[in-house]
Amino acid sequence: MELIPVKYCVTIEIRNSKLNLVIIKPPRLLSNLGGSLHHREGGAFFNTVVSHLTELAAQRGHFHLFVFTKPQYATSFTHVGFALLAQTPQAALLETGMTTIKDYLSQVKQPAPSQGQVAAIVMNADPFTKGHRYLVEQAASQSALVYLFVVSNDVSLFKTRERKELVAAGVSDLTNVVVVDGGDYQISPATFPAYFLKSDQEIGDYQAHLDAQLFATQIAPALKITARYVGTEPHSKTTANYNRALAEVLASHVKLHVIERCQDQAGVVISATRVRQAIKDGELARVQDDLPPKTFAFIQEHLASLQARITTQQKEGF
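Numbers given for residues are sequential positions, taken from 1 along each chain in its written order. Local features are withheld for residues below a pLDDT of 70 in this predicted model, meaning they are given only at 70 or higher, and side-chain atom pairs are given and counted only at 80 or more; totals for whole chains, interfaces and linings count all residues. The basis for every side-chain value is the complete set of heavy atoms in the structure, and neither hydrogens nor water enter the calculation.

**Digging into the overall build of the protein chain**
Note the threshold: Numbering of helices and strands starts at the N terminus; helices are DSSP runs of H or I of at least 4 residues and strands are runs of E of at least 2. Throughout this description, buried means an accessible area under 20% of the type-specific maximum (1.4 Å probe, protein chains only), exposed means over 50%, and partly exposed covers the range between. For this analysis, residues touch if any pair of their heavy atoms sits within 4.5 Å.
Summing up its helical and strand segments, the protein chain has 11 helices and 11 strands in all. A burial count over the protein chain gives 50% of its 318 residues as buried. Taking the intrachain contacts of the protein chain between residues at least 6 apart in sequence as the baseline, contacts between residues at least 24 apart amount to 67%.

Structure representation (C-alpha cells):
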C-alpha cells in the first residue's frame, strides 16, 4: 500500500454501499487500495478508514493531506477534521493537517490599504520566455501590484527552484511585481491534477473549475486581488480549457484579462514548448531571441543535464 505524501491527492468514492479508495501521485496512478471495502457500519467505518490513512501518513512524516471527492461526501470529511477549500457542482477539495491555506497566504506580501488594482498571474514558465515577460509587462503596466505565482511541482523539465529563480531574474526590474511560490494551491497536483496527468477531458474540466473556484474564493479575497491575467492559448487544450473555466468562475469575483500571445518577428507565437524542443535537439540558436538573457545563459550552462532529464521523462512516460 502506498502512502499519501504532502502533495498526493486522495480520491474517495462511495458506490453501492462500498468505499473505493484510490491514491494518486501525479503524474501517474500509484495504486488501487484493494479495490472495494464493504461499507459495514456507515459513518463509523468511514471514520476508521480515513483515520487509518491519516495515521499511516503521519507515521511516515506527512502531515498535510488533500482530499478530492464528490460534493455530497464533503461533509463527511469535515466531520473528521478536514477543511473545505473549494467546491463545484462536480467536485470538492479539502485539506487537513499542518501548513494550511491560511498559513500559506499569511506568508505572502499583503497589499497596502491604498493600493490600486491588485492583479495576479499564475504561470508554469518551463522555462521563462519573452512571451511570459510580455504578459507580466501588460499586467504591471495596468496594476499597482502584481502577484506572479510560479506553479510548484517537479514534473516539469525545469525544477521548481530553477523556474522560480529564472522568473525572478526575468522580472527583477519590474518593481511592482512580487514573485510567489504557488505552493499547493495554484494549479498544483492537489488542486488540478489533470494539468499534469493529461487525463480525460471531462475530469480535467471539473478540476479546472475547482482550481478556479479556490482562487476566486480563498486566494483573491485574502490578497485583495481584483484582476487576473492570462495569455491566449492556441496550442494547449488543457490550458485553453483552464482559461475558459477561469472566465466562468471569476466573472462575479475577479476581472479576467486575456492578452494576445507575444509573437516573434516571423509572426510565430513564442512558447516554452518550442524552447524545450530546441533543448532536446541541441539547437539553442533558433530560440535565443525568444529568451531573456538569464534564461538563455542558464540553458547554455545546463544543456547536458536538461537533455538528460528529457530522456528520463520520455522513458517514464511523462
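**Focus: the packing of aromatic side chains**
The relation between two aromatic rings is expressed through the spacing of the ring centres and the mutual angle of the planes. We apply this condition: Pairing of aromatic rings covers Phe, Tyr and Trp, the last through its six-membered ring, and needs centres within 6.5 Å; plane angles under 30 degrees mean stacked, over 60 mean edge-to-face, and all others mean tilted. Each ring is checked for a lysine NZ or an arginine CZ that lies within 6 Å of its centre and within 35 degrees of its normal; such an atom marks a charge sitting over the ring.
Evaluation of the coordinates by the stated rule reveals five aromatic pairs. A ring pair is formed by F77 and F82, whose centres lie 5.5 Å apart and whose planes are at 80°; its orientation type is edge-to-face. Under the relative-accessibility criterion, F77 is labelled buried at 0%. Accessibility expressed as a relative area gives 6% for F82, which makes it buried. The ring of F215 has R228 lying over it, and the distance from NZ or CZ to the ring centre is 4.4 Å.

**A few points about the sheet that holds strand 9 (residues 177-181)**
Short version of the rule: DSSP calls a pair of strands paired once it identifies at least 2 bridges connecting them. Axes here refer to lines fitted to C-alpha atoms; in helices the fit is confined to the stretch in contact. Angles between the N-to-C directions go from 0 to 180 degrees.
Ordered in space as 9-8-7-10-11, the five strands form an open sheet in which the pairing is parallel. Bordering the open sheet on either side are strand 9 and strand 11 (255-259), each of which pairs with just one other strand. On average, adjacent strands in this sheet sit at an angle of 25° to one another, irrespective of strand direction. Seen against the sheet, helix 8 (residues 237-250) touches strand 10 (227-231) and strand 11 and runs at an angle of roughly 160° to strand 10.

**Topic: the environment of Y73**
Tracing the backbone through its elements, the reader meets Y73 in the loop between strand 4 (64-69) and helix 2 (74-78). Put simply, Y73 and A92 are 19 residues apart on the chain and 8.3 Å apart in space, counted from C-alpha to C-alpha.

**Structural notes on the nonpolar core**
What counts is decided by this rule: As used in this record, nonpolar core signifies buried Ala, Val, Leu, Ile, Met, Phe, Trp, Tyr and Cys residues forming a set joined through side-chain atoms within 4.5 Å.
Counting 38 residues, the largest nonpolar core has Y147, F149, I219 and I225 as its most contacted members. Elements represented by at least two residues in this core include exactly strand 4, strand 5 (83-87), helix 3 (101-106), strand 7 (118-123), strand 8 (145-150), strand 9, helix 7 (201-223) and helix 8. Per element, the largest residue contribution to this core is nine residues, and it comes from helix 7. Setting aside anything within four residues of it in sequence, one finds F149 in contact with Y104, A120, I121, V122, M123, V180, D181, G182, Q186, I219, L223 and I225. Formed by 33 residues, the second largest nonpolar core is a distinct cluster that contains A125, A139, L157 and V287.

**A few points about unusual backbone geometry**
Residue P127 follows D126 across a cis peptide bond; omega there is 5°. By secondary structure assignment, the location of P127 is in the loop between strand 7 and helix 4 (130-142). You will see that A125, though not glycine, has its phi angle at about 55°, which is positive. Relative to the helices and strands, A125 is located in the loop between strand 7 and helix 4. The class of A125 is buried, set by a relative accessible area of 2%.

**Quick look at the confidence of the model for the protein chain**
Put simply, the test is: Confidence of the predictor at the level of single residues is given by pLDDT, which spans 0 to 100.
Per-residue confidence for the protein chain averages 81 on the pLDDT scale, and 80% of its residues sit at or above 70. Note that residues 1-41 has pLDDT below 50 and, in this model, 108 contacts with residues that lie over four places away or in other chains.

**What to know about the pattern of salt bridges**
So the rule is basically this: When a carboxyl oxygen of Asp or Glu lies within 4 Å of a side-chain nitrogen of Lys or Arg, that pair is called a salt bridge.
In total, this model carries nine salt bridges according to the counting rule given. Across the pair R276 and D126 runs a salt bridge whose closest N-O atoms are separated by 3.7 Å. You can see R276 sitting in helix 9 (residues 272-281) and its partner D126 sitting in the loop between strand 7 and helix 4, a full 150 residues away along the chain. Residue class for R276 comes out partly exposed when judged on its relative accessible area of 27%. Given a relative accessible area of 7%, D126 falls into the buried group. Linking E283 and R286 is a salt bridge whose minimum nitrogen-to-oxygen distance equals 2.4 Å. A relative accessible area of 40% means that R286 is categorised as partly exposed.

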